[in-house]
Amino acid sequence: PLLGAAGGAAGLVHIYIVDDIPAARGAMVMTDGAGLIASNLAAMLPNVSEGALLPGDGGGLSPLGCQGRVYAHGTLAKGTLLACRSLPPGVIVLTSSQIKVEASASHGGSSGEALATAESQRLFALELIDQTRKHQPRLNAQLIPILEAASGKDGSVGRERFCAYLIRQAAAEAEQVLQLQRPSSSRGQQLAAALKAVHNKGAAGGHAARFGLGTPSIADMVDAGCSVLHEPYLLEQCQRGIDNALSKLRKGKMRLGHDSVNVMGFPDFTGSLREGEIFLVIDGKHCQPLAVVRGAGSLSAAAGARAGPVPLVSDALVYHPPGVRASDVRSVRSVFCRELAEELFGDGRSVDLGRASAVFFSVRGAQPLADMLAGGDYDGDKFYVIQERELLELFLGQGGCGADAAAPLPAEAPSLEAAPRLASGAALEAALQQAFLSARHDASTAVGMAEVNHAAAVDKFGINHPISVELGEIYLQLLDGKGDGTKQAAKVRTLQAKIGPRPHWMLAHRGGDATRYLTQSTSALAQLATCSLGEARLALASAGLQLDPLLRLELHRSEEINEEKLQDMRKRMKGLWLDYKARFKSLKKQQQLEARERERPQPATGGGGGGVASDGRDDEREWQDKYFAMVAPLRETLLAPYEAQRGSRSTSEPPRLLAEACALYEVVYEEKQRAALGQEEPKYFTTFPWHVCGDMLLFVRKARVSRAINPSQALFSSLGTRGWE
């Protein structure tokens with residue numbers, strides 16, 4: 001039985017495949033990628049976010065909707081499932097657009113292929129990817145030019161207001177980030193500032209985790225009581241966090257206001273919303289900021305008459321990344337829809353409000369609104385819903401592209417006909433591999449070329465100029481793997497020649513050869529790139545580097561771990577440290593040789609140039625991969641003798657292993673205290689123990705702090721008591 005439903009006839013899950021709701025014209029559909037799931041089945045779904053299983057089972061409450069894949073009787077469907085109160089129990093309704101692999105009635109071919117087909121028809125599963133949660137939207141270098149163009153002509157009052165708004169938002173966010181440099185901050189204040197400084201949940205820690213390392217995040221270290229101004233590794237990570245945060249702000253990556261959200265989109269299956277209307281639900285509540293409500297009297301005639309009282313109407317903007325055309329931001333009317341609310345929530349007692357944030361679009365009109373927004377659909381795509389009053393006034397006051405305006409259909413409307421059936425499973429696998437390699441490698445350079453040249457064209461000519469429009473269309477086609485990549489890349493090079501030098505502000509975004517970025521600009525992105533947001537230069541406290549007293553090796557001395565064993569640990573960790581330094585020196589030498597090789601002049605190709613030069617970010621990512629791959633075996637060396645003793649939780653780590661972690665920390669930090677760094681890089685000098693055993697060091701520190709606060713109720717007691725008083 002699917003989803004673990006009870007056995008027997010009453011526990012069967014019935015899956016129906018129905019036609020999509022067609023659009024008014026063309027071959028498009030209004031429900032692309034969206035289906036329904038009965039509320040009793042939705043209540044069985046685990047708590048999932050972006051592919052990760054979260055703690056807790058949902059408590060018998062259901063999310064508003066989910067994104068996933070359904071496997072049943074050899075059929076594979078993907079997209080979203082909206083929890084539906086009116087469906088009978090145990091029912092899932094899939095639309096034709098969700099079906100990606102159809103069940104094969106034939107068992108021909110080899111015996112192995114026949115067996116695989118038979119096995120696939122016995123597979124019943126619902127694979128969850130994401131659920132309906134709200135996210136904080138951010139402006140970006142693609143959205144800003146669209147809003148800027150809508151705010152008014154170059155030099156207009158509206159354009160000046162928009163630029164001032166951006167700089168004001170950037171300055172306010174920068175002020176929060178720079179709180180981290182204040183020496184008088186409490187631990188809680190440091191933690192809050194650290195979390196604001198690192199938007200990507202701890203880049204270094206997350207990157208290292210892919211290699212099985214023990215690297216802690218900034219938040220984990222501050223939470224464990226490490227001081228930003230006394231721990232060099234934490235200080236270096238915070239400095240990087242501050243620099244990266246300020247750099248992102250200068251590139252336009254700043255938070256929108258609290259009235260704007262980024263949520264999963266669904267079609268209105270009830271058909272109650274009229275063309276150009278949306279119904280926005282945040283945390284299980286209808287969201288309509290009073291500051292932007294227009295009232296019933298301002299409802300446009302296009303909305304038509306309704307039976308009963310006319311609801312309040314508010315303006316909103318919707319956007320779907322990576323929108324690059326002026327029409328990829330559209331104005332809509334946000335309303336309350338009673339029919340949808342009753343269908344989604346019923347009495348409201350069975351929905352998990354933390355997983356109940358989504359936006360619903362009308363299924364009426366010539367073309368689905370999601371498709372008008374950079375070719376979006378409802379298979380899990382997330383949409384910005386912007387409700388900031390100042391942005392609405394700037395956008396709507398200059399005749400921005402409204403949702404009621406008919407958008408042209410794509411040159412090639414997607415067909416609903418099934419894809420051709422391949423002869424065998426082996427043929428399907430080969431076709432999938434070829435499609436992946438083609439999309440991953442052949443088009444990657446062309447995508448970058450189209451993106452960077454589109455940005456340059458928009459800055460120079462405006463977003464509605466034919467060159468900008470054509471480059472935007474090519475960019476979106478390449479992202480979707482449509483068209484001939486070689487011909488599209490050649491077309492991009494031709495258009496690049498018409499653009500000429502790129503604006504100077506793009507150098508900070510893209511990097512590479514500075515001679516390509518010579519044009520001066522007064523655009524909003526140019527003003528952000530040069531605005532003053534302040535800076536912070538963190539430094540160790542005046543006492544310099546001091547070993548953390550709670551991580552001293554001598555505190556592990558006990559009846560089982562005597563002084564002789566402690567010295568043996570130091571000796572072993574000294575060998576591990578010397579091994580690291582030799583490997584690091586070799587890796588740096590290899591990197592320098594590769595850098596010199598890249599700097600050699602390359603022979604000209606017949607493509608007329610126009611490639612996207614490396615901006616240093618790819619080189620940095622490649623270096624990090626190599627560095628962590630070099631460190632990972634050293635962590636395995638540390639853990640190997642204790643594998644049989646280790647448990648699944650950090651609280652069950654063997655005491656000897658925790659002692660060796662402190663031995664490595666002490667060996668490295670004592671050497672740094674005694675000797676000048678010379679040619680060695682400081683950040684890689686003290687980084688080593690935190691990558692190899694940072695998780696264990698923080699465990700030891702938390703354990704000792706816990707015992708110091710309340711020895712009778714300490715959380716951890718496996719380390720002995722010496723030094724905890």
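The structure contained in this document is the topic of the report that follows. Small disclaimer: the values here were computed from a predicted structure and weren't measured. (Residues numbered from 1 in each chain as written. Predicted model: local features only at pLDDT ≥ 70, side-chain atom pairs only at ≥ 80, totals over all residues. Heavy atoms only, no water.)

Moving on to empty space enclosed by the protein. The final tally for this structure, using the stated rule, is 5 cavities of 30 Å³ or more. Roughly 80 Å³ of internal volume is contained in the second largest cavity. Along its surface, the second largest cavity is lined by 12 residues, and Glu275, Gly276, Arg364, Gln367 and Leu369 are the ones closest to its centre. Of the residues contributing to the lining of the second largest cavity, the split by class is 6 nonpolar, 3 polar and 3 charged. (1 Å grid on protein atoms, 1.4 Å probe; cavity = no way out; pocket = protein on both sides within 12 Å on 5 of 7 lines; lining within 4 Å. Points joined across faces, edges and corners; volume = space filled by probe spheres on them. Nonpolar A, V, L, I, M, F, W, Y, C, P; charged D, E, K, R; others polar.)

Inspection of every chain in the model, using the stated rule, returns 18 aromatic pairs. On the numbers, 5.3 Å between centres and 70° between planes, the contact of tyrosine 319 with tyrosine 384 is edge-to-face. Of this pair, tyrosine 319 sits in strand S13 (residues 313-319) while tyrosine 384 sits in strand S16 (residues 382-386), placing them 65 residues apart in sequence. For the pair tyrosine 319 and tyrosine 384, a shared accessibility class is recorded, and that class is buried. Between the aromatic rings of tyrosine 665 and tryptophan 690, the centroid separation amounts to 6.3 Å while the plane-to-plane angle is 80°, which identifies the pairing as edge-to-face. Of this pair, tyrosine 665 sits in helix H20 (residues 655-674) while tryptophan 690 sits in helix H22 (residues 687-709); the two residues are 25 residues apart in sequence, bridging distant segments of the chain. Each of the two residues, tyrosine 665 as well as tryptophan 690, counts as buried. By the ring-pair criterion, three or more aromatic residues cluster together here, those being Trp577, Tyr580, Phe584, Trp623, Tyr627, Phe628 and Phe688. It is lysine 588 that lies over the ring of tryptophan 623; its NZ or CZ is 5.1 Å from the centre. (Phe/Tyr/Trp six-rings, centres within 6.5 Å; stacked < 30°, edge-to-face > 60°. Helix = DSSP H or I, 4+ residues; strand = E, 2+ residues; numbered from the N terminus. Buried < 20%, exposed > 50% of the residue type's maximum accessible area, 1.4 Å probe, protein only. Lys NZ or Arg CZ within 6 Å of the ring centre and 35° of its normal.)

Counting 118 residues, the largest nonpolar core has Leu166, Tyr580, Tyr627, Phe688 and Trp690 as the members making the most contacts within it. The greatest single-element share of this core, amounting to 11 residues, is contributed by H20. Counting residues in hydrophobic clusters, the runner-up holds 24 residues, among them Leu64, Val91, Val93 and Met264. (Core = buried A, V, L, I, M, F, W, Y, C linked by side-chain atoms within 4.5 Å.)

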